[in-house]
Amino acid sequence: MDGSLADVKLRGVTKKFGRVVAVNRVTLDISDGEFFAILGPSGCGKTTLLRLIAGLEFPDEGEILIGGRVVNNLHPRDRDVAMVFQNYALYPHMRVFDNIAFPLMVRRRELGLDKEAIRRRVVEIARVLGIEGLLDRYPRELSGGQQQRVALARALVREPKVWLLDEPLSNLDAKLRVQMRAELKSLQRKFGVTTVYVTHDQGEAMSLADRIAVMNEGRVLQVGTPDDLYLKPLDIFVATFIGSPSTNIIPCNVVSVETLELECAGFNLKTGISLDPSILKPGDKVYLGVRPEHVEIRKSQDEGVTIKGKVTIIEPLGSQSIVTLSLGSESIRALTSRDLKVDVGEDVYIRIDVSKILLYDAKTGRLLL
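Chains are numbered independently. Their residues run from 1 in the order of the written sequence. For this predicted model, a pLDDT threshold of at least 70 governs which residues receive local features, and a threshold of 80 or more governs which side-chain atom pairs are given and counted, while totals over whole chains, interfaces and linings are taken from all residues. Neither water nor hydrogens contribute to the side-chain values; these are computed over all heavy atoms in the structure.

What follows covers the overall build of the protein chain. Regarding its fold elements, the protein chain presents nine helices and 20 strands. Taking the principal axes of its C-alpha atoms as reference, the protein chain extends roughly 80 × 45 × 35 Å. In this scheme, a residue with accessible area under 20% of its type's maximum is buried, one over 50% is exposed, and one in between is partly exposed, where area comes from a 1.4 Å probe on protein chains only. Relative to its full complement of 369 residues, the protein chain shows a buried share of 48%. Contacts are residue-level and defined by heavy atoms, with any inter-residue pair within 4.5 Å sufficient. Of the contacts made within the protein chain by residues no fewer than 6 positions apart, 65% connect residues no fewer than 24 positions apart. Accessible surface area values rest on a Shrake-Rupley calculation with a 1.4 Å probe, where residue burial reflects the displayed protein chains alone. Accessible area for the protein chain stands at about 17,400 Å²; split by element, carbon and sulfur atoms hold 47% of it. Under the convention used here, Asp and Glu are negative, Lys and Arg are positive, and both His and the chain ends fall outside the count. Here the site of a charge means NZ on Lys, CZ on Arg, CG on Asp, or CD on Glu. Taking the 50 positively charged and 48 negatively charged side chains of the protein chain as two groups, their mean positions are separated by 5 Å. Numbering goes from the N terminus for both helices and strands, where a helix is a DSSP run of H or I of at least four residues and a strand is a run of E of at least two.

Glancing now at the nonpolar core. Throughout, nonpolar core names a set of buried Ala, Val, Leu, Ile, Met, Phe, Trp, Tyr and Cys residues whose side chains join them through atoms within 4.5 Å. Grouped together as the largest cluster of nonpolar side chains are 50 residues, with contacts concentrated most on Ile 100, Leu 152 and Trp 163. Examining the composition of this core, we find that six residues originate from one element, helix H5 (residues 144–156), more than from any other. Excluding anything up to four places from it in sequence, Ile 100 contacts Val 122, Ile 125, Ile 131, Leu 135, Val 150, Ala 153, Arg 154 and Val 157. Ranked by size, the runner-up nonpolar core spans 29 residues in total, among them Leu 262, Val 295, Leu 325 and Ile 332.

The axes are straight lines fitted to the C-alpha atoms, using for helices just the contacting stretch, and the angles between their N-to-C directions are given from 0 to 180°. Direction vectors running N to C along H5 and helix H6 (residues 174–191) enclose 15 degrees, while the axes themselves pass 12 Å from each other. The orientation of H5 with respect to H6, classified from their angle, is roughly parallel. The element H5 and its partner H6 pack so that their crossing is right-handed. Listed contacts from H6 to Gly 145, Gln 148, Arg 149, Leu 152 and Leu 156 of H5 are Leu 176, Gln 179, Met 180, Glu 183, Leu 184, Leu 187 and Phe 191. In this scheme, roughly parallel covers angles under 35 degrees and roughly antiparallel covers those over 145, while 65 to 115 is roughly perpendicular and the rest are oblique. Here a crossing is taken to be left-handed if its near helix is turned anticlockwise relative to the far helix by less than a right angle, and right-handed if that turn runs clockwise.

On to the pairing of strand E3 (residues 35–39). Across the five residues that make up E3, a large majority, five, are buried. Burial of E3 is two-sided: the residues Phe 35, Ala 37 and Leu 39 facing one way and the residues Phe 36 and Ile 38 facing the other way are all buried. Between any two strands, at least two bridges found by DSSP are needed for them to pair. The pairing of E3 with strand E9 (residues 211–216) spans four bridges and is parallel. Bridge pairing links Phe 36 to Arg 211 in E9.

Here it is as structure tokens:
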């Protein structure tokens, strides 16, 4: 790469399709050379956001800046970005060589490249991606993983300032997805290109990205590092979307504020945490958030362990198991060692690590504690 990187900034960007607000007042700052993921469920607006950056859609409100330049009305080719689509969008009638060379051929005069210079670039990027032996094949003669590498090569060969990837691993099988994750991260570090990566797979986002924006219903709910989102989700949606298994969310009433005590479905929880009375008062409704790894199962009732539950589901995960327990009208999941032997239907006791709990406002869903 030529070292010409670019940051990407969105300022109050909104995009509507009729009455549907696909992207709602989104503001983001993506740094030079950053691997930035946009994560959310299907229909949340993440692909529309990527298409807005690419210039395939135009915003109804707000500004998009690439390298400090407002690009709202610029054609995609003038934005110096390259996009890898979910279905790879390879030209079936062209050999791999010609697919990779295509973005250079259409701009060869502008880029000042002759045929030999283009050939050298194509061969070099093919070598980096390990597909130099496939240059004479057609897309139909390639596996899914090979087609994906060709799509990545075509996007990188023109040395873009920004690399945009729309769920590029979703068509691959599970084993190849994990392998390609590592290759993608290695490529991004090698080329240092600013990368915006859209996915619905939180494992993908957590393993690849420097920072992640979590979207739902057109809005960005939180932006942070993988650790930020995992350890301090600011919203109930983020808490339940990040992590596998996801955070337990249990409705509770506040009993006491001075040393926070909660009355939850099937149990009371004394936390010993002092809260400012301006935040909560007795009788307020809240949601208790607790990660499964912070729920400890005990076979007997020890001192300070008084919450009783019944084992309803056991899901083995190799060295660990996810155990679901019934607590009256609610349930809670615990992540346990396989060494802990429990049976479905067994009564057990649980201990919640109160130093790790999260507390959410029942009305807004936003983090209080």
